[in-house]
Amino acid sequence: MASRLSLEGPISDSSRGSFLISGRRTYIDPILNLAAKSPNSDNNFAYYFYDLNVKANYQFSPEDKVYLSGYFGRDNISFKDTPLTDEPKVRLDLLWGNAAYNLRYHRIWSSRLFTNAALIYSDYRSKFLFDWKQNVNKKPSVSDWIASLDADYYMSESSVLQFGASYLHHAFSAFSGIQDIKNTVPVFLASSEIQGYLSLDVTLNETFRTTAGVQSAYFESGNYFVFDPRFNVRVQLSDKNSINASYTRMHQFVHLLSSASLSNPGDILYPSTEFLKPEFSDQLSVGLETLFDGGALGEGRYELDADVYYKNMKNLPLFKQSFSSADPANLAQDVTLGVGWAYGFELSFQYSNAGTSSFVNYTISKAWRKYADKNAGEPFPAKFDRTHQINVFIDHRLSERWAAAWASVAPV
């Protein structure tokens, strides 16, 4: 129950630029409203979403090109129940949405150097209102202004240097409260972030390729400076067999504050503070890739990938059982910090020929969390933990005009 409309075309000369406007909206809510008017109904439920995409690009010269894109979308769920008994009324409002705008300027300086400069604005807003025996009202939001400059420099045919810097300004609103939902006072927080990175990709010969880099960042709130190295190496054992190994350290200054068992759009987005230290992780992964032709399925291209990984995480925030407000002074009593780790093995198989392509993926993994004041200090599975997951996708072209596809995702 949805409609979509798209419009695209050239700007001036079709070889210089083009534009695309696309939007959609669902229409299940009118049907739900009719059902709510039934004499036998004592509740009202509505859901809909809509979004709009706008894209444009224009080439001023062979060396200069400008890109403009925008996105706007909202989801809305509401529920009202008026019981026939003396039970209190039930009201649930759940809204969330994003807006994002990006202006990018691409410049080719020479055959070896090109840059991308961008101005970005993004805005996320949500509302979680639950009015019953325990009243909850949360309206978390975050908006970002970003200015960035990225460059690629081809030092030679076998080595590429990538570097860049960006400035980010975060504005958080953590409007939230329990019990007294009508008089809840919003909490506004702001912080600036400066990032820089450097990465070198070198192909030493037909067998060995490596990428090494580092990203550094400064976060104003809490006065944090971090240094994140990363390294990847690829060894080509033969024409059809290769090994990949990588190590990555990552820091995150923006936290998602939620409970251990439930996530919703009302989860609070919060910056790092003196108490909420930046989350960080170290991840190791090793993979084997094999290509071969022919086989039981007939002529075609086969690819088999096997990967294993381990990830260690610290400073993971979690709401305690009680929650009073989003005021920074209450974080120590409302939020606890813990550690986590995840590991897994992933096996992927791909097959393709002139008319058929297929993909099968199986993952066995575990994700754990540990907090001193949760579960008696013992580790427990993260709420998004999935021990087994199987993904299957098959696409077959029946003719020049017709194709059939089938996809399945089965988490266990």
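These numbers were taken from a predicted model, which means no experiment stands behind them. (Residues numbered from 1 in each chain as written. Predicted model: local features only at pLDDT ≥ 70, side-chain atom pairs only at ≥ 80, totals over all residues. Heavy atoms only, no water.)

Trainee: Tell me about the overall build of the protein, and name the residues and values.
Mentor: Looking only at helices and strands, one finds 2 helices and 21 strands in the protein. Across the 412 residues that make up the protein, the buried fraction comes to 34%. Sequence-distant contacts, at least 24 apart, represent 55% of the contacts inside the protein between residues at least 6 apart. Carbon and sulfur atoms form 59% of the exposed surface of the protein, whose accessible area is close to 24,100 Å². (Helix = DSSP H or I, 4+ residues; strand = E, 2+ residues; numbered from the N terminus. Buried < 20%, exposed > 50% of the residue type's maximum accessible area, 1.4 Å probe, protein only. Contact = heavy atoms within 4.5 Å. Areas by Shrake-Rupley, 256 points an atom, 1.4 Å probe, with all protein chains shown as cover.)

Trainee: Any details on the environment of Asn76? Residues and values, ideally.
Mentor: In this fold, Asn76 is placed in strand E4 (residues 64–81). For Asn76, a relative accessible area of 17% corresponds to the buried category. Each C-alpha atom of the pair Asn76 and Ala46 lies 7.8 Å from the other, and the pair is 30 residues apart in sequence. Beyond its immediate chain neighbours, meaning those up to four positions away, Asn76 contacts Ala46, Tyr47, Tyr48, Leu94 and Leu95.

Trainee: How would you summarise the pattern of salt bridges if you had to cite specific residues and measurements?
Mentor: Under the criterion given, the structure shown has 8 salt bridges. Arg107 serves as the salt-bridge partner of Asp64, at 2.8 Å between the closest nitrogen and oxygen. Separated by 43 residues along the polypeptide, Asp64 in strand E4 and Arg107 in strand E5 (residues 90–108) bring together distant segments of the chain. (Salt bridge = Lys/Arg side-chain N within 4 Å of Asp/Glu carboxyl O.)

Trainee: Before we move on, could you go through the pairing of strand E17 (residues 335–352) and cite the residues and values that matter?
Mentor: Alignment of strand E16 (residues 301–319) against E17, held across 18 bridges, turns out to be antiparallel. Residue pairing across strands places Glu303 opposite Gln350, the latter belonging to E17. In terms of strand pairing, E17 meets strand E18 (residues 356–370) through 14 bridges, oriented antiparallel. Pairing of Gly344 across the sheet is with Ser365, part of E18. In this antiparallel pair of consecutive strands, E17 and E18, the connection spans 3 residues. (Pairing = 2+ DSSP bridges.)

Trainee: For the environment of Thr26, give the residues involved together with the corresponding values.
Mentor: Note on placement: Thr26 falls in strand E2 (residues 17–26). Classification of Thr26 by relative accessible area gives buried; the value is 10%. Among all residues touching Thr26, those that are not within four sequence positions of it are Met1, Ala2, Tyr48 and Phe49. Reaching out from Thr26, the side chain makes a polar contact with the backbone nitrogen of Phe49 at a distance of 3.0 Å. (Polar contact = N/O pair within 3.5 Å; in protein donor to acceptor, adjacent residues only side chain to side chain.)

Trainee: Describe the nonpolar core, with residues and values.
Mentor: By size, the foremost hydrophobic cluster in this structure holds 14 residues, and its most contacted members are Leu257, Ile268, Tyr270, Leu276, Leu331 and Val335. When residues of this core are traced back to their parent elements, those giving at least two are strand E8 (159–178) and strand E14 (268–271). It is E14 that provides the largest number of residues to this core, a total of 3 residues. (Core = buried A, V, L, I, M, F, W, Y, C linked by side-chain atoms within 4.5 Å.)

Trainee: Break down the packing of aromatic side chains for me, with residues and values.
Mentor: Taken as a whole and assessed by the stated rule, the structure comprises 12 aromatic pairs. Arranged with centres 6.2 Å apart and planes meeting at 35°, the rings of Tyr50 and Phe72 form a pair that is tilted. One end of the pair, Tyr50, is in strand E3 (residues 43–61); the other, Phe72, is in strand E4, with 22 residues separating them in the sequence. Taking 4.7 Å as the distance between ring centres and 5° as the angle between the ring planes, the aromatic pair formed by Phe219 and Phe253 counts as stacked. With Phe219 in strand E10 (residues 208–219) and Phe253 in the loop between strand E12 (241–252) and strand E13 (254–257), this residue pair connects regions lying 34 residues apart in the sequence. Here Phe219 and Phe253 have matching classes, each one buried. In textbook terms, an aromatic cluster arises when at least three aromatic residues are bridged by ring pairs, as seen for Phe292, Tyr302, Phe349 and Tyr351. (Phe/Tyr/Trp six-rings, centres within 6.5 Å; stacked < 30°, edge-to-face > 60°.)

Trainee: Which residues make up unusual backbone geometry, and what values do they have?
Mentor: Positive phi outside glycine occurs at Asn315, with the angle close to 60°. As for its position among the elements, Asn315 is in strand E16. The phi torsion at Ala376 lies on the positive side, around 55°, for a residue other than glycine. Mapping Ala376 onto the fold places it in the loop between E18 and strand E19 (380–381). We classify Ala376 as exposed; its relative accessible area is 74%.

Trainee: Would you mind going over the side chain of Ser141 in detail, with residue names and values included?
Mentor: Along the polypeptide, Ser141 turns up in strand E7 (residues 136–156). Contact partners of Ser141, with chain neighbours within four places excluded, come to Tyr124, Arg125, Ala171, Phe172 and Ser173.

Trainee: Pulling in residues and values, what's your account of the environment of Ala407?
Mentor: Along the chain, Ala407 turns up in strand E21 (residues 403–411). Excluding residues that lie within four positions of it along the chain, Ala407 makes contacts with Val392 and Phe393.

Trainee: Tell me about a nonpolar patch on the surface, and name the residues and values.
Mentor: On the surface, a cluster of nonpolar side chains totalling about 750 Å² of accessible area is made up of Leu237, Ile243, Val286, Leu288, Phe292, Leu304, Val308, Phe345, Leu347 and Ile364. At the level of elements, strand E15 (279–293), E16 and E17 are the ones that each hand at least two residues to the nonpolar patch. At 3 residues, the largest contribution of residues to the nonpolar patch is made by E15. Since its relative accessible area comes to 35%, Leu347 is described here as partly exposed. (Patch = residues over 30% accessible without salt bridge, like charges linked within 9 Å, V, L, I, M, F, W, Y side chains within 5 Å.)

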